Amino acid sequence: MSVPKIVPLVMAGGAGTRLWPLSRDTLPKQFIPLLGDGISTFQATLQRLHDPRFDAPIVITNNDFRFIVAEQMLAIGIKGEIVLEPERRDSAAAVAVGSLLAEQRRAGAICAAFAADHVIQATAAFRDDCAIAAELAASGLIMTLGIPPTHPSTAYGYLAPGEPLPGERAKRLQRFVEKPDLERATRYLEEGYLWNSGNFVFAAATMCDEMERHVPDVLNAAREAIAKATRDLDFLRLDPEAFAQATKISIDYAVMERTRAAGVVQASFDWSDIGAWDSIHEIKQKDADRNVLEGEVVALDSHGIYVRSDDVLTTVLGLDDVVVVATRDAVLVSSMAAAGKVKNLVELMKTDGRPQASEHLRVYRPWGWYQRIDIGQRFQVKRINVKPGGLLSLQKHFHRAEHWVVVSGTAEVTVDAKVTHVHENESVYLPIGCVHRLRNPGRIDLELIEVQVGSYTGEDDIIRIEDIYARS
């Protein structure tokens, strides 16, 4: 059977709070280089799918991550469709949108839904297993890739394989179960169950038929959101009102637990969803004491620990089986056993109104990034980095004046229609209410220090008059 190229649907809109403080709402784990190879798991996922058997990806994310997605795709030379969800409605709505778009691209499309934050080292085996699943998907089955379990985990759902199907390591899916307790997980391991990787391969038409049968409101909402979608730069922006009508439900609950057309291919590749810090410790190379130490870290008389510092020197003495993650503005200390509960800790911090729960000190923008250095009564100091060609919005502030000191590069500064070039070790003053803009006309990054002084220095005191990135 001749199978068309697989259309990858890459889900890249999650928050990843279990890997706090490194992963936060403003920059979640899928966009962070976690494994020391210089690329994010999102980029690694796209590279894995860069193969003749796969078509250009459809990346489904949300508005806040649109420029990060576009920039990371550009950095590795991958082109594809970027679809923006107006709000998070869980994976069923994302799969519905992707399936409909894939069928628009090519009638009879075969799709594969992948999370953007999984780690798979055996790329060739992964691609081969997807090809096996795609052949069966072409016959009308919804295939999932099942992982042979290495231990009785309570962190994953389980798959019960049934009768054999044509194709290597392929079987009917007899039962689909959610995350069990330890006793049931041990039994599942003994009975030959597989872990649910959350990767699915299916014909777009089959998935739409199953959704029409089980969750018609999700499919109808996706269909209308696409029909009323708008183009914004290189993004497809789904209609907010239509998309909001979709029930917030996972594809597992919506279809996989209900369909009679499910199958499973037992994976021949390694896999981790890096769902928590203990997963990171598990897949990383360890020293003789089973320790993983990254950054400015010193450990003594400690065993089975994961310690990472992105800033300050972090030391650990006489501790076993702990996680310590230090960033410039937050530190996590947890037992390895409790690492999966970090999400609960983040929710508590959000309830307490702590900004560190959601926001990084470094905030990424389409033109570059800024990072707060200090803040106090009536002032704030920021470090600003503008990439070559980067252009900030034409804007003004009602409550603060600003001083810019160029540290490296050249700044093109517009103040009330007057344009000047400010070079290294030079500064410029922007009075309250002036209309101003910053551009990097050079070929190297522009870095400057911004000192804000005024009665209010919040980010919402920005009136954008003109913005090439279509921000309000």
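Residues numbered from 1 in each chain as written. Predicted model: local features only at pLDDT ≥ 70, side-chain atom pairs only at ≥ 80, totals over all residues. Heavy atoms only, no water.

Draft legend 1. Examining the side chain of Thr314 more closely. For Thr314, the location among the structural elements is in strand E13 (residues 306-317). Here Val312 takes part through its backbone oxygen, which lies 3.2 Å from a polar atom of the side chain of Thr314. Apart from residues no more than four positions distant in its own chain, Thr314 is found in contact with Glu296, Val297, Val298, Val307, Ser309, Val324 and Ala326. (Helix = DSSP H or I, 4+ residues; strand = E, 2+ residues; numbered from the N terminus. Polar contact = N/O pair within 3.5 Å; in protein donor to acceptor, adjacent residues only side chain to side chain. Contact = heavy atoms within 4.5 Å.)

Draft legend 2. Representation of the sheet that holds strand E12 (residues 292-300) within the structure. In space, the four strands of this open sheet follow the order E12-E13-E14-E15, with mixed pairing throughout. Since the sheet does not close on itself, it has two edges, and those belong to E12 and strand E15 (331-335), each with one partner. In this sheet, neighbouring strand axes are inclined to one another by 20 degrees on average, regardless of whether the strands run parallel or antiparallel. Where strand E14 (residues 322-326) lies against E15, five bridges are found, and the strand directions are antiparallel. (Pairing = 2+ DSSP bridges. Axes fitted to C-alpha atoms, helices over the stretch in contact; angles between N-to-C directions.)

Draft legend 3. Just the sheet that holds strand E25 (residues 446-454), in detail. Pairing is antiparallel in the open sheet, where six strands are placed in the order E16-E17-E18-E25-E20-E23. At either end of the open sheet lies a strand with only one pairing partner, and these are strand E16 (362-365) and strand E23 (427-430). Recorded for the sheet is a direction-independent mean angle of 20 degrees between the axes of neighbouring strands. Both strand E20 (residues 400-408) and E25 contribute to a ladder of eight bridges, which runs antiparallel. By the bridge assignment for E25, Ala401 is matched with Val453.

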